[in-house]
There are 2 protein chains.
Amino acid sequence: MPRFTEFETYDVRFPTSRDLDGSDAMNADPDYSAAYLIVRTDAGDGLEGHGFAFTIGRGNDVQTAAIEALRDHLVGLDLDATLNDLGGFWKSLVHDSQLRWLGPEKGVMHMAIGAVVNAVWDLAAKRAGVPLWKLLADLTPEQIVDLVDFRYLTDALTRDEALEILRKAEPGRAEREQQLRERGYPAYTTTPGWLGYDDDKLVRLCREAVADGFTQIKLKVGADLDDDIRRMRLAREAVGPDVRIAIDANQRWDVAEAIAWVRALAPYDVWWVEEPTSPDDILGHAAIARGIAPIRVATGEHVQNRVVFKQLLQAGSLEFVQIDSARVAGVNENIAILLLAAKFGVPVCPHAGGVGLCELVQHLSMFDLVAVSGSTDQRVIEYVDHLHEHFLDPVVIEAGHYVAPTRPGYSAEMGAGTLRDFRFPAGKVWTESKEQSK
Amino acid sequence: MPRFTEFETYDVRFPTSRDLDGSDAMNADPDYSAAYLIVRTDAGDGLEGHGFAFTIGRGNDVQTAAIEALRDHLVGLDLDATLNDLGGFWKSLVHDSQLRWLGPEKGVMHMAIGAVVNAVWDLAAKRAGVPLWKLLADLTPEQIVDLVDFRYLTDALTRDEALEILRKAEPGRAEREQQLRERGYPAYTTTPGWLGYDDDKLVRLCREAVADGFTQIKLKVGADLDDDIRRMRLAREAVGPDVRIAIDANQRWDVAEAIAWVRALAPYDVWWVEEPTSPDDILGHAAIARGIAPIRVATGEHVQNRVVFKQLLQAGSLEFVQIDSARVAGVNENIAILLLAAKFGVPVCPHAGGVGLCELVQHLSMFDLVAVSGSTDQRVIEYVDHLHEHFLDPVVIEAGHYVAPTRPGYSAEMGAGTLRDFRFPAGKVWTESKEQSK
């Protein structure tokens, strides 16, 4: 019986702060990073599972140590038994009676579980010879709900209700899969709108986005209101009246300030406001949503787990659910969140600004289209054109759409050269920059 | 100018799982642990600051690594400038533009900040030559609010409102300090009620608690309803009708189950139910509170930060705020939570089941009595009689009350022998047990 045998972690960091890519009102100088994991087995097929947690620099060592702490939860396990019960595997990690104290179900330890769970899913899809979205989309409704932990969800979503949602979506699966393979999945771009860019670059990138076929862009806001009004006006002029402009405050405001700021930008037609305040503030988001209607609230990239998403939906705090592939505890928990969103009829528009987040999260939206919500209405996946060259199966964007991946796995695998050169602090990208700065 | 010069971390673990001390419905086998920190300066006074995060075993290495990641945030700082602006110091840790991605403000990284902040407060009180509660209680209202970060709180509590609360409590400070020094601060005991204890031990410990002068005890519940009904009946018979019995489910239930279970125990007179469901479930707690009234809800030991406490108060989710000295980001954030509780008129009854949590949190309740809420009405500090012998300034309980500490500092300091012998995995307590189990 083949078993999991190897568990190899890497602290990988990209010096993105040098160009202010990724700069916003709260994250001034991110170095996009991955606490990266490779798992191997003795199955003899040569297949590996790759997964990672995303961070923005300092602390990536802590995140890597947290993944390392899960080694004994995987190494030695029977391969087939594990892959045949990934719902049970998820619970064995999340409900570890001692590790749960470090969360529970939040922060560094929860993201570490996400990296391990995702690496195992990557391997599962490779062994099945299909991309992850297709592996998930071919599961029966019963198999899908078996992946989900309904603990703490049953006041909003029971197992039976989830089954009903999935069964209702079964008849159209083949047709939607066909549609997905032909047309891809709608994307929007954040590339024009980073706070660190000057006005000329903003306008130029806005025009390019429209020329590239995007129908939605996003601007970072929240540092200075006068600047935001000017940038919003420039962006609106550049893209014209028909392209959606979302804004993203990255948690910058308190409740009253959020309402006032968004109202000041309303004349330029705001599609959504993202992360107006603390990601923990369910009631604050609800108050903001009431205060800025009909402009809508989006959030989720920092929402720690399914329990908080449940409440954001219950309280009417948001109208777009922004799942993140590397914040919660991996594929299983994101399936729970997709089901919650479907229950409440709220569209899912994933967060993907980071390294590798586009590669991963596209699979979840494509699964959602085929087997859960059955729709792309008002749904778009974020696209940011950073760092894709480091992946073996990078995302492909055509005419403002993600092209459905065909390669087996979860598209999570970085090249060996990247793992070597960007490893922190010993990789040459870091040792050479240290030399330069001396 | 003296500076912070040394930053020494220890992974310290106590093998408490061997006796099932600390066992409850979710934490079956805790090894009480501390990710421990000593900070030193070149001031030449020989004083050190001690602080720690509390965990229950596995993962204490990750927690220690997270504290270690904050070394450069302290070492090198000017000592006096730091101690004179501990509000600013707090923000420099919590709002680090890269580290915040690991939370923000939750889980491993946030607890690490708490350990560092608390170590610096321990040093501050030692340098002032007073116990921490006294140091805080002698600050002016303006100095106290300068310690607090009101970001994300202003929809419930502004700086001006906090000042008003503190100014209102100023006149009676001296009198309440006198009362505190004479009578101490009321305690309750969790010692009888761990789930791993058999009925005879439960009854014996209940009787001892009453004989020792406690007017409130607590029982762990949530594993089996029939067992809980029997244990609750035995406890009620043992303590009589006048001693309060609180119950603690340690996050075991979903909403509907919590309501049904608590109602089944209601005939035995339940003072509060603690952690009925996920600590993240603000709306769930509110639904439970409505469903079990007049029995009241207590929670907080796993509440990640002031933003969640704010909402628990706004939503009517609890009627007892259980602060924890080592869960949130240290003294400063707990002051914010004390102020929130005072604003909403909800009593604070700290959590202290763990190692060193009694030692620390007593200072916060005593400060609250003298300078914030000005009351002990319905307020009790948890007491658990574990592991106090490892501390240089252990808590003293007399007639069911905490005696106010008089020794300078935050009572956080473990003995050198403990740090040596219980260090994991190299300390002799762990190497010898490994030998035995071979």
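Residue positions are given per chain, counting from 1 as you read along its sequence in written order. To label them, take the chains in the order written and letter them from A, then take the ligands in the order written and number them from 1. Selection of residues for local features in this predicted model requires a pLDDT of at least 70, selection of side-chain atom pairs for listing and counting requires 80 or more, and totals for whole chains, interfaces and linings are taken over all residues. As a convention, hydrogens and water are excluded, and side-chain values are obtained from all of the structure's heavy atoms.

1. Examining the packing of helix α11 (residues 225–239) of chain B against helix α12 (residues 255–265) of chain B
Packed helices, taken two at a time, are described by the angle between their axes plus the distance between the axes. Residue and element names in this part refer to chain B. To keep it simple, the criterion reads: To get an axis, a line is fitted to the C-alpha atoms, and for a helix only the part in contact is used. The angle between two axes follows their N-to-C directions and goes from 0 to 180 degrees. Secondary structure elements are defined from DSSP: runs of H or I of at least 4 residues count as helices, runs of E of at least 2 residues count as strands, and each element is numbered from the N terminus. Each angle receives one of four descriptions, namely roughly parallel if under 35 degrees, roughly antiparallel if over 145, roughly perpendicular if within 65 to 115, and oblique otherwise. Each crossing is labelled by how the near helix is turned from the far one, with a counterclockwise turn of less than a right angle marking it left-handed and a clockwise turn marking it right-handed. Note on contacts: a residue pair qualifies if any of its non-hydrogen atoms lie within 4.5 Å across the two residues. Lys, Arg, Asp and Glu make up the charged group, whereas Ala, Val, Leu, Ile, Met, Phe, Trp, Tyr, Cys and Pro make up the nonpolar group; the residues left over, Gly among them, are polar.
In contact at an axis separation of 10 Å, α11 and α12 are set at 30 degrees when each is read in the N-to-C sense. Considered as vectors, α11 and α12 are oriented roughly parallel to each other. Judged by the twist between their axes, the crossing of α11 over α12 is right-handed. For the pair α11 and α12, contact is made by Leu-225, Asp-228, Ile-229 and Met-232 and by Trp-261, Ala-264 and Leu-265, respectively. Taken together, the residues of the contact of α11 with α12 break down into six nonpolar, no polar and one charged.

2. Regarding the pattern of salt bridges
Note that side chains of opposite charge can pair when their charged atoms are close. Stated precisely, the cut-off is as follows: By salt bridge we mean one thing: a side-chain nitrogen of Lys or Arg within 4 Å of a carboxyl oxygen of Asp or Glu. Note on exposure labels: buried denotes an accessible area under 20% of the residue type's maximum, exposed denotes more than 50%, and partly exposed covers the range between, all computed with a 1.4 Å probe on protein chains only.
Scanning all chains against the criterion turns up 70 salt bridges over all chains. Close ionic contact of Lys-126 of chain B with Asp-122 of chain B constitutes a salt bridge, the shortest N to O distance being 2.8 Å. In this pair, Lys-126 of chain B and Asp-122 of chain B are both assigned in helix α5 (residues 107–128), four residues apart and thus about one turn of the helix distant. For the salt bridge of Asp-368 of chain B with Arg-379 of chain B, the shortest nitrogen-to-oxygen distance reads 4.0 Å. One end of the pair, Asp-368 of chain B, is in helix α16 (residues 357–372); the other, Arg-379 of chain B, is in the loop between α16 and β10 (381–383), with eleven residues separating them in the sequence. According to the relative accessible area criterion, Asp-368 of chain B is buried, its value standing at 2%. Judged by its relative accessible area of 11%, Arg-379 of chain B falls in the buried class. Members of the salt-bridge network, linked through shared partners, are Lys-218, Lys-220, Asp-248, Glu-274 and Glu-382 of chain A.

3. Remarks on the UniProt feature "domain: Mandelate racemase/muconate lactonizing enzyme C-terminal" (unreviewed entry) in chain A
What counts is decided by this rule: UniProt positions are given in the numbering used here, feature names are shortened, and annotations may be inferred rather than shown by experiment.
Mapped onto this numbering, the UniProt entry annotates "domain: Mandelate racemase/muconate lactonizing enzyme C-terminal" (unreviewed entry) at residues 199–295 of chain A. The span residues 199–295 of chain A is 52% helical and 15% strand by assignment, and the distance between its end C-alpha atoms comes to 25 Å.

4. A word on the packing of aromatic side chains
Here a ring pair, both rings aromatic, is described through the centre-centre distance and the interplanar angle of the planes. Selection rule: Think of it this way: a Phe, Tyr or Trp ring, Trp meaning its six-membered ring, pairs with another when their centres are within 6.5 Å, and the plane angle makes it stacked under 30 degrees, edge-to-face over 60, tilted otherwise. Criterion for a charge above a ring: Lys NZ or Arg CZ within 6 Å of the ring centre, and within 35 degrees of the ring normal.
With the rule as written, the count across this model stands at 26 aromatic pairs over all chains. Centre to centre, the rings of Phe-14 of chain A and Phe-422 of chain A are 4.7 Å apart; their planes meet at 40 degrees, and the pair counts as tilted. Residue Phe-14 of chain A is found in the loop between β1 (4–13) and β2 (33–41), and its partner Phe-422 of chain A is found in the loop between α17 (416–421) and α18 (428–436); the two are separated by 408 residues along the sequence. Phe-422 of chain A carries the same exposure label as Phe-14 of chain A, and that label is buried. Relative to Trp-261 of chain A, the ring of Trp-253 of chain A has its centre 5.2 Å away and its plane inclined at 35 degrees; by these criteria the two rings are tilted. By relative accessible area, which is 0% here, Trp-253 of chain A ends up buried. In this structure Trp-261 of chain A comes out as buried when scored by relative accessible area, which is 9%. Taken together, the ring pairs connect Tyr-10, Tyr-36, Phe-52 and Phe-391 of chain A into an aromatic cluster. The ring of Trp-430 of chain B is capped by Arg-18 of chain B, whose NZ or CZ atom sits 5.7 Å from the centre of that ring. Here Arg-296 of chain B stacks its cationic end above the ring of Trp-271 of chain B, 4.7 Å away from the centre of that ring.

5. Observations concerning unusual backbone geometry
Outside of glycine, negative phi angles account for most residues, and trans bonds account for most peptide bonds. Here the bond from Ala-293 of chain B into Pro-294 of chain B is cis, since omega is 10 degrees, no more than 30 degrees from zero. Along the chain, the position of Pro-294 of chain B falls in the loop between α13 (282–292) and β8 (296–299). Omega for the peptide link from Phe-424 of chain B to Pro-425 of chain B comes to 0 degrees, which places this bond in the cis form. Inspection of the secondary structure puts Pro-425 of chain B in the loop between α17 (416–421) and α18 (428–436). Although it is not a glycine, Asn-250 of chain A sits at a positive phi angle of roughly 45 degrees. Checked against the element boundaries, Asn-250 of chain A lands in the loop between β6 (244–248) and α12 (255–265). For Asn-250 of chain A, a relative accessible area of 2% translates into the label buried. We note that Asp-269 of chain A has phi near 65 degrees; this positive angle belongs to a residue other than glycine.

6. Quick word on the pairing of strand β4 (residues 185–193) of chain B
Residue and element names in this part refer to chain B. So the rule is basically this: Note on pairing: DSSP must find at least two bridges between two strands before they are called paired.
Of all nine residues in β4, nine are buried, a share of seventy percent or more. In this structure, β4 lies alongside strand β12 (residues 401–402), joined through two bridges in antiparallel fashion. Residue Pro-186 lies in a different strand from β12, and its bridge partner there is His-401. Pairing analysis gives three bridges linking β4 to β10, with the strands arranged parallel. Pairing of Thr-189 across the sheet is with Tyr-383, part of β10.

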